Amino acid sequence: MQNVISYKSTPPALWTLYGKALTSGFNADKSPVIPKLSAELIGVSTDPSRLRQYASICGYRTGTKVPVTWPHILAFPLHLKLLTEKAFPLPLLGLVHLRNKITQLRPIAVGECMDIQVRLDNQESTDRGIEFDLVTEVSIGGQRVWESLSTNLYRQPDKSGGNSNAKSRPPALARLAHTLDVSAPESLGRHYGKVSGDLNPIHMHALSARLFGFPRAIAHGMWSKAHCIALLENEGWGDGAMTVSANFKKPLFLPGKARLDWEVSASRTEQLDFQLVNRKGDAPHLTGTIVKE
């Protein structure tokens with residue numbers, strides 16, 4: 001049985017993990033197997049000051065309940081701990097965050113004490129490379145109240161024998177009824193990185209992003225998701241028991257302008273479809289759904 005890396009009240013120190021992230025996984029086997037690593041943080045509470053900063057950066061209203069994306073921030077040190085373990089075979093800085101699905105079984109109050117469990121699971125070989133999930137569960141008083149699946153990709157050459165140069169045309173973007181303008185300042189990556197702990201160089205500054213092939217820094221995918229939810233709260237779609245899914249598409253370069261489109265699903269009144277697109281409306285940064293449970 002796999003041992004669980006356990007912390008009580010205080011998560012692992014991020015600065016030590018940042019150093020490991022720079023050198024992790026560079027001797028990866030061509031057919032790596034991701035181990036069933038697990039970690040937990042027992043008895044963690046929300047820091048009100050940090051929560052206020054997070055709410056301000058993402059656009060959430062402050063109140064007695066934490067935003068639906070907030071537990072992802074509390075779990076981030078555990079995510080980084082697992083991804084920098086010697087047994088984890090892939091380079092952290094080469095991973096691509098493909099999608100994230102959060103299920104909130106009930107709202108979490110600001111003062112509640114939480115237990116967080118994280119594990120690596122669901123490794124799968126695709127034509128793009130290796131995909132796997134970071135599975136996160138939050139419990140309060142022994143009852144699970146929140147869970148998340150974050151799917152990541154490690155790119156590898158297509159071994160299927162097909163024509164790797166033949167790219168299928170992406171499906172046309174849906175036309176959704178409602179629209180809001182979104183603005184992302186140049187400093188966004190640094191501000192969100194500071195409060196979230198995610199200091200990946202592609203988000204911090206144009207100079208560091210260029211080292212990884214990007215012309216400018218790009219917004220964190222989880223900021224984009226959180227900001228969309230924060231804006232949709234005003235439409236009655238950001239609270240209560242719900243599942244929020246997001247697929248991350250094209251980067252949102254900083255500084256940048258975008259557009260949030262949304263409408264209630266034609267087939268299900270308890271579902272809202274939304275997308276964050278460029279100003280022209282022809283290229284998606286993110287597509288997603290909110291389903292009220």
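Computed from a prediction, not measured in an experiment: that's the story for all the values here.

Side note on the pattern of salt bridges
At step 1: Enumeration according to the criterion identifies 11 salt bridges in this entry.
At step 2: A salt bridge links Arg 144 to Glu 147; its shortest N-O distance comes to 2.3 Å.
At step 3: When its relative accessible area of 39% is taken as the criterion, Arg 144 is described as partly exposed.
At step 4: We classify Glu 147 as partly exposed; its relative accessible area is 25%.
At step 5: Note that Arg 190 and Glu 186 form a salt bridge whose closest N and O atoms lie 2.6 Å from each other.
At step 6: Residues joined in a network through salt bridges with shared partners are Lys 36, Arg 119, Asp 121 and Glu 137.

Quick word on the side chain of Ser 196
At step 1: Here Ser 196 is to be found in helix α4 (residues 188–196).
At step 2: Under the relative-accessibility criterion, Ser 196 is labelled buried at 3%.
At step 3: Among the polar contacts listed, one links the side chain of Ser 196 to the backbone oxygen of Tyr 192, at a separation of 2.8 Å.
At step 4: A polar contact is formed between the side chain of Ser 196 and the backbone nitrogen of Asp 198, at a distance of 3.1 Å.

Notes on the packing of helix α1 (residues 14–23) against helix α3 (residues 70–83)
At step 1: The contact between α1 and α3 brings their axes to 10 Å, and the two run at 35°. For the crossing formed where α1 meets α3, the hand is left-handed. Across the interface between the two elements, Leu 14, Leu 17, Tyr 18 and Lys 20 from α1 touch Phe 76, Pro 77, Leu 80 and Lys 81 from α3.
At step 2: Per-class residue counts for the contact of α1 with α3 are 6 nonpolar, no polar and 2 charged.

Looking at helix α2 (residues 48–58)
At step 1: Listed in full, the buried residues belonging to α2 are Leu 51, Tyr 54, Ala 55 and Cys 58. Angularly, the buried residues of α2 cover 100° about the axis, an arc narrow enough to put them on a single face. Those residues of α2 that are exposed and angled more than 90 degrees off the buried face are Arg 52 and Ser 56.
At step 2: Structurally, α2 contributes buried residues whose contacts are with α3, α4 and α7 (221–233).
At step 3: Taken from the residues just after α2, Gly 59 is the one with a positive phi, measuring 95°.

So, α1
At step 1: Along α1, the residues that are buried comprise Leu 14, Leu 17, Tyr 18 and Ala 21. Taken down its axis, α1 places every buried residue within 110° of arc, on the same side. Residues of α1 that are exposed and point more than 90 degrees away from the buried face comprise Trp 15, Thr 16, Leu 22 and Thr 23.

Some words on the layout of surface pockets
Regions of empty space are outlined by a rolling probe, equal in size to a water molecule, passed over the atoms.
At step 1: Of the pockets and cavities examined, the second largest pocket occupies roughly 280 Å³.
At step 2: Lining the second largest pocket are 21 residues, with Pro 11, Leu 14, Arg 50, Pro 77 and Val 195 positioned closest to its centre.
At step 3: If you list the elements that add at least two residues to the lining of the second largest pocket, you get α1, β2 (38–44), α3 and α4.
At step 4: With 4 residues, the single largest contributor to the lining of the second largest pocket is α4.

Describing the environment of Val 244
At step 1: Inspection of the secondary structure assignment puts Val 244 in strand β8 (residues 242–248).
At step 2: You can call Val 244 buried: its relative accessible area is 0%.
At step 3: Leaving out residues up to four positions away in the same chain, Val 244 has contacts with Asn 100, Lys 101, Ile 102, Lys 225, Ile 229, Phe 274, Thr 289 and Ile 290.

Conventions and cut-offs
Residues numbered from 1 in each chain as written. Predicted model: local features only at pLDDT ≥ 70, side-chain atom pairs only at ≥ 80, totals over all residues. Heavy atoms only, no water. Salt bridge = Lys/Arg side-chain N within 4 Å of Asp/Glu carboxyl O. Buried < 20%, exposed > 50% of the residue type's maximum accessible area, 1.4 Å probe, protein only. Helix = DSSP H or I, 4+ residues; strand = E, 2+ residues; numbered from the N terminus. Polar contact = N/O pair within 3.5 Å; in protein donor to acceptor, adjacent residues only side chain to side chain. Axes fitted to C-alpha atoms, helices over the stretch in contact; angles between N-to-C directions. Left-handed = near helix turned anticlockwise from the far one by under 90°. Contact = heavy atoms within 4.5 Å. Nonpolar A, V, L, I, M, F, W, Y, C, P; charged D, E, K, R; others polar. Arc of directions from axis to C-beta. 1 Å grid on protein atoms, 1.4 Å probe; cavity = no way out; pocket = protein on both sides within 12 Å on 5 of 7 lines; lining within 4 Å. Points joined across faces, edges and corners; volume = space filled by probe spheres on them.

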